[in-house]
Amino acid sequence: MIVSLVVGKRTSESVSAVVRDFHQRTGGRVLRLITSDELPAYPEAIRAAYGTTVTPPPTGRPGRPPGPRTVLPPEVTYATVHKVRENGRVVQVDTRVVFGTMLAVALALAVSTVSRVVNTCFVERHNGTDRNRCSRKVRKTYAFSKDWETHRAATMLSHYSYNFCWPVRTLRVRDADGRWQKRTPAMAAGLTDHVWSVSEWMTYPAVQRK
């Protein structure tokens, strides 16, 4: 399920924006395990979003007192995928723990229903789905975007309609009669009980007023 999205280059600013947005949308809840590639901007973005500022008390000793620092909750566990390449080919994939412990990573993977290793395959697979749903992302085509705002709008439309309008084969479940029931990511997350049409999703009020 796509929870947060920032359209643009993978800069430190965009990484910080997407982590902050995710933190806000999930109510600050700490995930059991956070994974990513080794983009250097992620650790600092995670620390800024989930950490708290702590100012050590004065020690009474001579010298400059220690300044405030950002401390992460002990339950924050973050690991990255490290790919070893030879002659341009990936020959080995390792796990590197950035925050937390290897034991915490192993425990999170043990209770996971989707994976037993740290990976980025879900994001990478969705990139392929996004290119299929939005022709502006297809390589070597005349359908590429000519205007940035239009590209951003098309990307938002493709990603967020995916949550409610796109039944994912691997999310389907059998009903009491043994028949397969289609499910979207939003249905799997418990946000809705049916597959939305595009028109239903497009006309749904963005702001709910009582």
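Residues numbered from 1 in each chain as written. Predicted model: local features only at pLDDT ≥ 70, side-chain atom pairs only at ≥ 80, totals over all residues. Heavy atoms only, no water.

An unreviewed UniProt entry lists the protein chain under the name Mobile element protein, from Fimbriiglobus ruber.

**Structural notes on the pairing of strand 5 (residues 89–99)**
Along a regular strand, successive side chains alternate from one face of the sheet to the other. Bridge analysis of strand 4 (residues 78–86) against strand 5 gives 9 bridges, and the strand direction is antiparallel. Its bridge partner lying in strand 5, Thr80 is registered against Arg96. Between the antiparallel neighbours strand 4 and strand 5 lie 2 residues, among them Asn87 with a positive phi of about 55°. (Pairing = 2+ DSSP bridges. Helix = DSSP H or I, 4+ residues; strand = E, 2+ residues; numbered from the N terminus.)

**A short note on the pairing of strand 4**
In the sheet, strand 1 (residues 34–36) pairs with strand 4 via 3 bridges, with the strands oriented parallel. Along strand 4, the bridge assignment pairs Ser36 with Thr80.

**Some points on the sheet that holds strand 1**
One open sheet accounts for 3 strands, arranged 1-4-5; its pairing is mixed. Whereas interior strands pair on both sides, the edge strands pair on one side only; in this sheet they are strand 1 and strand 5. Adjacent strand axes in the sheet meet at a mean angle of 25° when their direction is disregarded. (Axes fitted to C-alpha atoms, helices over the stretch in contact; angles between N-to-C directions.)

**Considerations on the packing of helix 1 (residues 12–25) against helix 2 (residues 41–50)**
Helix packing for two helices is described by the angle between their axes and how far apart those axes are. At a minimum axis distance of 9 Å, the contact between helix 1 and helix 2 shows a crossing angle of 35°. For the pair helix 1 and helix 2, the sense of crossing is right-handed. Residues Ser12, Val15, Ser16, Val19, Phe22 and His23 of helix 1 touch helix 2, and the partners they reach there are Ala41, Tyr42, Ala45, Ile46, Ala49 and Tyr50. Across the contact of helix 1 with helix 2, the residue classes tally to 9 nonpolar, 3 polar and no charged. (Left-handed = near helix turned anticlockwise from the far one by under 90°. Contact = heavy atoms within 4.5 Å. Nonpolar A, V, L, I, M, F, W, Y, C, P; charged D, E, K, R; others polar.)

**Regarding the packing of helix 4 (residues 121–133) against helix 5 (residues 148–165)**
Close contact between helix 4 and helix 5 brings their axes to 10 Å; oriented N to C, the two are set at 115°. As far as their axial angle goes, helix 5 and helix 4 are roughly perpendicular. Pair helix 4 / helix 5 crosses with right-handed handedness. When helix 4 is examined against helix 5, the residues His126, Thr129, Asp130 and Arg133 are found in contact with a partner set consisting of Leu157, Ser158, His159, Ser161 and Tyr162. Among the residues forming the contact of helix 4 with helix 5, the class breakdown is 2 nonpolar, 5 polar and 2 charged. (Parallel < 35°, antiparallel > 145°, perpendicular 65-115°, else oblique.)

**Some remarks on the layout of surface pockets**
What the second largest pocket holds in volume is close to 270 Å³. Around the second largest pocket, the lining is made up of 13 residues, and of these Arg25, Tyr160, Asn163, Phe164 and Trp201 lie nearest the centre. If you tally residues by element for the lining of the second largest pocket, the top one is helix 5, at 3 residues. Of the residues that constitute the lining of the second largest pocket, the class distribution is 11 nonpolar, 1 polar and 1 charged. Per-domain counts for the lining of the second largest pocket show at least three residues from each of domain 1 (1–61 + 68–118) and domain 2 (119–209). (1 Å grid on protein atoms, 1.4 Å probe; cavity = no way out; pocket = protein on both sides within 12 Å on 5 of 7 lines; lining within 4 Å. Points joined across faces, edges and corners; volume = space filled by probe spheres on them. Domains from an automatic or database assignment.)

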